[in-house]
Amino acid sequence: SLTAPFADAATAEVGGGAVKLDQGYVHIRIQQRNGRKSITTVTGLAKALDLKKILKAIKKEHCCNGTVLKDEETESEVLQFQGDQREAVKTFLIKEEICAKDAVKVHGF
């Protein structure tokens, strides 16, 4: 039987029972590097999520490179991708039900 790879991502095991994650808005931003080059950053994902697993799936699906960075100011982890991956990341997060459609905010241009 086929199971969704991120079915367990939206619910975290807390004290033996599955609890729905309480996360705020997920912000997807683009930053211009030099010339035509740019990077896409994803902030606001819940701490209980396995970001490395999400990163690997997005990288494989959209043929781009990326990394998990630690934000010094907010002490949270940030996903960073090469190129303009705003729409790709948004559709992936909604398709895999990691966050709701109205919880995703896309910034830039």
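Let me sum up the structure you'll find in this document. From a predicted model like this one, the values you see are computed outputs, not experimental measurements.

Criteria and thresholds
Residues numbered from 1 in each chain as written. Predicted model: local features only at pLDDT ≥ 70, side-chain atom pairs only at ≥ 80, totals over all residues. Heavy atoms only, no water. Helix = DSSP H or I, 4+ residues; strand = E, 2+ residues; numbered from the N terminus. Buried < 20%, exposed > 50% of the residue type's maximum accessible area, 1.4 Å probe, protein only. Contact = heavy atoms within 4.5 Å. Areas by Shrake-Rupley, 256 points an atom, 1.4 Å probe, with all protein chains shown as cover. Salt bridge = Lys/Arg side-chain N within 4 Å of Asp/Glu carboxyl O. Axes fitted to C-alpha atoms, helices over the stretch in contact; angles between N-to-C directions. Parallel < 35°, antiparallel > 145°, perpendicular 65-115°, else oblique. Left-handed = near helix turned anticlockwise from the far one by under 90°. Pairing = 2+ DSSP bridges.

1. Observations regarding the overall build of the protein chain
Regarding its fold elements, the protein chain presents two helices and seven strands. Helices and strands in the protein chain line up, N terminus first, as β-β-β-β-α-β-β-α-β. Across the 109 residues of the protein chain, 35% fall into the buried class. Pairs at least 24 residues apart make up 51% of the contacts formed inside the protein chain by residues separated by at least 6 positions. Counting every atom, the protein chain has about 7,300 Å² of accessible surface; 50% of that belongs to carbon and sulfur.

2. Points about unusual backbone geometry
In this structure, Cys63 is a non-glycine residue whose phi angle is positive, near 50°. Along the polypeptide, Cys63 turns up in the loop between α1 (51-62) and β5 (66-70). Owing to a relative accessible area of 74%, Cys63 belongs among the exposed residues under this scheme. In this structure, Glu97 is a non-glycine residue whose phi angle is positive, near 55°. Within the secondary structure, Glu97 is located in the loop between α2 (86-95) and β7 (104-106). For Glu97, a relative accessible area of 61% corresponds to the exposed category.

3. Some details on the pattern of salt bridges
Scanning the model with the defined rule gives two salt bridges in all. Note that Lys95 is salt-bridged to Glu61, the shortest N-O span being 3.2 Å. Here Glu61 lies in helix α1 and Lys95 lies in helix α2, a separation of 34 residues in the sequence. For Glu61, a relative accessible area of 38% puts it in the partly exposed group. A salt bridge links Asp84 to Arg86, with the shortest nitrogen-to-oxygen separation between them at 2.9 Å.

4. Remarks on the packing of α1 against α2
Each packed pair of helices is defined by two parameters, the angle between the axes and the distance between the axes. At a minimum axis separation of 11 Å, α1 and α2 run at an interaxial angle of 120°. On the basis of their axis angle, the class for α1 and α2 is oblique. When you trace α1 past α2, the crossing you get is right-handed. Across from Ile54, Ala57, Ile58, Glu61 and His62 in α1, the residues of α2 making contact are Ala88, Val89, Phe92 and Lys95.

5. Remarks on the pairing of β5
With five bridges connecting them, β5 and strand β6 (residues 77-82) associate as antiparallel partners. Each bridged residue has a counterpart across the sheet, and for Thr67 the counterpart in β6 is Gln80. Taking the residues between adjacent antiparallel strands as the criterion, β5 and β6 are bridged by six residues, where Glu75 takes a positive phi near 60°.

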